[in-house]
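Results of the structural survey
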Amino acid sequence: MFAFTSIEQFHAQLQEGKNTCLQAVEHYLHRIDNSRHLNAFIEVFAEEALAKAKQLDAARSSGKKMGRLHGVVIGLKDVICYKDHRVSGASGILENFISLYSATAVERLLAEEGIIIGRLNCDEFAMGSSNEHSAYGKVLNAIDTSRVPGGSSGGSAVAVQAGLCMVSLGSDTGGSVRQPVDFCGIIGLKPVYGRISRHGLIAYASSFDQIGILGNTIPDIALLLEIMAGPDEYDSTVSREKVPVCHFVPDPGKKIRFAWFKEALEHPGLDPEIALAIKNKIRHLQEEGHEVATVEFNLLDYIVPAYYVLTTAEASSNLSRYDGIKYGYRTPKYGIGLTELYEYTRSEGFGKEVKRRIMLGTFVLSAGYYDAYFTRAQKVRQLLLERTLAIFKNYDFIILPVSPVTAFKTGEKMTDTIAMYLAEIYTVMANLVGCPAVSIPLFRHSDGMPYGLQIIANRFYVISCVYGYKRRRPQNSR
Ligand code: GLN
């Protein structure tokens, strides 16, 4: 019986001959088959994954040194390109589009002998918070299938949550990795902007987008980060900052400085049970000798509006390439002019939420409104950055909730777009300022759903120890 707890343990088992890559892939294919109702995968690369596993087993038996991701079974959000495989952004407009190249991140995973098992469902073009806006239908939360898994990387979260792969990649523009992992009870990291190349990541809002990692343990996530991070000639926004190697040496004696915002934990929209659990956690940290202080932060109400002005503006420009001419879907109507061809193609190919964002973005960029919306939102972004950097002069981390609520029921927020947008109040900050942020599943709500804590660090911050690191229980014991 195959059981996965961590990459390190999986590799130890391979070396002791207790497991094979083939057994691992067969195990996941079997589980994927039994979990079709969750709708996490859009496509499974079964034959290919089996062939790769056999090849790796043969290489290992012949004494070849193992790659750092030897046989690690990985799922890709359907916004990340993998050469000669379909990628659609879960959109009708890219149906049947085949990637001409692999994302740099994917190339680096493959170079370390990772096995890509399939592409994962998500909100169309990564726009959404519930994975209900997908051309391939909604994804269900494996803990309670009447609830959403969060979004937009809902398929990536459920794939790890339900044990359908070892780790997965998502993308995080405003919380799309951290919020679904919060709803699903796993760990998710949005790296600092510029850490992982965006080459081969379908663009939503380019100054916000980052590839993120979803998994069961911090060391697994750190390993993938280390492998994917670093300069890339195809993305000039990737930093040349050194990629640190993570060592997990718990050092309970190390004192850490945490900041938290009263305005965030006493926000009327925050579920009181979540607020209480986080406040208790803060107290525990204090009791353990860490410095935990509340910092004044009066910008909370501005960050969601600024986020939506800026991201929709960038999206309206990024998504203009889907015109029915170069690639992707084209309207079957014939005998029409060029403008009509664009109009029909885009009206038929895009879903409702994506159209809403394109229109909003076009509006905020239009001549008469540019300064009133776009320029002002840029100013909010700058102010937020200055405040955040000032906080990091005195603190190592900022503590925030991930989401004001636990996983909600499917359909519950579909008719209330504003409510859906406001639920991102705690996650968009890290993207606006480009800081890294992690969502860690620590709590369980009385409604039965998991939720966690968000920790934000300064850009390219490196801490010399990991505080209180503990292994999570194996996937199979669920
Ligand atoms: N839910 C947010 C949005 O719809 C975040 C999306 C994301 O991070 N990709 O914009």
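Structure: above.
In this text the structure is predicted, and so the values were computed from the model without any measurement.

Brief notes about the overall build of the protein
Along the backbone of the protein there are 15 helices and 11 strands. Taking 478 residues into account, the globule formula puts the C-alpha radius of gyration at 23 Å, and the protein, at 22 Å, falls close to it. Relative to its 478 residues, the protein shows a buried fraction of 58%. Long-range pairs, those at least 24 residues apart, make up 75% of the contacts in the protein between residues at least 6 apart in sequence. As displayed, the protein has an accessible area near 19500 Å², and 54% of this comes from carbon and sulfur atoms.

Quick look at the side chain of Asp232
With respect to the secondary-structure elements, Asp232 resides in the loop between α7 (218–228) and β7 (257–260). Buried charged residue Asp232 carries no salt bridge. Nearest counter-charge: Arg108, at 4.6 Å. Only 2.6 Å separates the side chain of Asp232 from the side chain of Thr104, close enough to count as a polar contact. If near-sequence neighbours (up to four positions away) are discounted, Asp232 is found in contact with Thr104, Arg108, Ser197, His199 and Val238.

Re α7
Note that an α-helix has 3.6 residues per turn; residues three or four places apart therefore point the same way. Where burial is concerned, most of α7 is hidden: 9 out of the 11 residues are buried. Taken together, the buried positions of α7 are Asp220, Ile221, Ala222, Leu223, Leu224, Leu225, Glu226, Ile227 and Met228. In the segment just after α7, Gly230 is the residue with positive phi, at about 110 degrees.

Regarding the packing of helix α4 (residues 104–111) against α7
The geometry of a pair of packed helices is captured by two quantities: the angle between their axes and the separation between those axes. In contact at an axis separation of 9 Å, α4 and α7 are set at 110 degrees when each is read in the N-to-C sense. One way to sum up the angle between α4 and α7 is to call them roughly perpendicular. With respect to the hand of their crossing, α4 and α7 are arranged in right-handed fashion. Of the residues in α7, those touching α4 at Ala105, Arg108 and Leu109 are Leu224, Ile227 and Met228.

Things to note about the packing of aromatic side chains
Per the stated rule, a full pass over the model turns up 20 aromatic pairs. Centroid distance Phe125 to Tyr322: 5.0 Å. Interplanar angle 35 degrees. Geometry classified as tilted. Placement of Phe125 in the loop between β3 (115–120) and α5 (154–161) and of Tyr322 in the loop between α10 (300–318) and α11 (338–349) is noted, with a sequence separation of 197 residues between them. In terms of burial, Phe125 and Tyr322 fall into one category: buried. One Lys or Arg, Arg381, reaches over the ring of Phe208 and ends 4.0 Å from the middle of that ring. Looking at Lys413, its charged tip hangs above the ring of Phe408, at a distance of 4.8 Å from the centre.

Side note on the pairing of β3
In terms of burial, β3 is a largely internal element, 6 of the 6 residues being buried. Relative to β3, strand β1 (residues 41–44) runs antiparallel, the two being bridged by 3 bridges. In the sheet register, Glu43 faces β3, and the bridge partner there is Arg119. Pairing analysis gives 5 bridges linking strand β2 (residues 73–77) to β3, with the strands arranged parallel. Note on β3: the bridge partner recorded for Lys77 is Leu120. For the crossover that starts at β2, traverses α4 and ends in the parallel β3, the hand is right-handed.

Thoughts on the packing of helix α2 (residues 21–34) against helix α3 (residues 46–61)
Between α2 and α3, the shortest axis-to-axis distance is 7 Å and the interhelical angle comes to 160 degrees. Compared by their axis directions, α2 and α3 come out roughly antiparallel. Between α2 and α3 lies a crossing whose hand is right-handed. For the pair formed by α2 and α3, the contact residues are Cys21, Leu22, Val25, Glu26 and Leu29 on the first element and Ala46, Ala49, Leu50, Ala53, Lys54, Leu56, Asp57 and Arg60 on the second. A breakdown of the residues in the contact of α2 with α3 according to their chemical character gives 9 nonpolar, no polar and 4 charged.

Section: the site of the ligand
Near the ligand lie 15 residues; those nearest to it are Thr173, Gly174, Ser176, Tyr204 and Tyr307. Contacts to the ligand include Thr173, whose backbone N or O atom sits 2.7 Å from an oxygen atom. Here the ligand, which alone exposes 290 Å², has 100% of that area covered by the protein. When the residues that make up the shell around the ligand are grouped by side-chain class, the tally is 5 nonpolar, 7 polar and 3 charged.

Brief notes about α5
In terms of burial, α5 is a largely internal element, 8 of the 8 residues being buried. Every buried residue of α5 is accounted for by Gly154, Gly155, Ser156, Ala157, Val158, Ala159, Val160 and Gln161.

Here's the deal with the sheet that holds strand β6 (residues 210–215)
One open sheet accounts for 11 strands, arranged β1-β3-β2-β4-β6-β5-β10-β11-β9-β7-β8; its pairing is mixed. Each end of this open sheet is capped by a strand with a single partner; those strands are β1 and β8 (291–294). The average undirected angle you get between the axes of adjacent strands in this sheet is 30 degrees. Against the sheet, helix α13 (residues 370–394) touches β7, β9 (397–401) and β11 (450–457), its axis set at about 120 degrees to β9.

Here is what the cut-offs are and how they apply
Residues numbered from 1 in each chain as written. Predicted model: local features only at pLDDT ≥ 70, side-chain atom pairs only at ≥ 80, totals over all residues. Heavy atoms only, no water. Helix = DSSP H or I, 4+ residues; strand = E, 2+ residues; numbered from the N terminus. Rg over C-alpha atoms; globule rule 2.2 N^0.38 Å. Buried < 20%, exposed > 50% of the residue type's maximum accessible area, 1.4 Å probe, protein only. Contact = heavy atoms within 4.5 Å. Areas by Shrake-Rupley, 256 points an atom, 1.4 Å probe, with all protein chains shown as cover. Lys, Arg positive; Asp, Glu negative; His and termini not counted. Salt bridge = Lys/Arg side-chain N within 4 Å of Asp/Glu carboxyl O. Polar contact = N/O pair within 3.5 Å; in protein donor to acceptor, adjacent residues only side chain to side chain. Axes fitted to C-alpha atoms, helices over the stretch in contact; angles between N-to-C directions. Parallel < 35°, antiparallel > 145°, perpendicular 65-115°, else oblique. Left-handed = near helix turned anticlockwise from the far one by under 90°. Phe/Tyr/Trp six-rings, centres within 6.5 Å; stacked < 30°, edge-to-face > 60°. Lys NZ or Arg CZ within 6 Å of the ring centre and 35° of its normal. Pairing = 2+ DSSP bridges. Right-handed = clockwise from strand over helix to strand, strands pointing away. Nonpolar A, V, L, I, M, F, W, Y, C, P; charged D, E, K, R; others polar. Near = heavy atom within 4 Å.

All we've got here are geometric facts, nothing functional implied.
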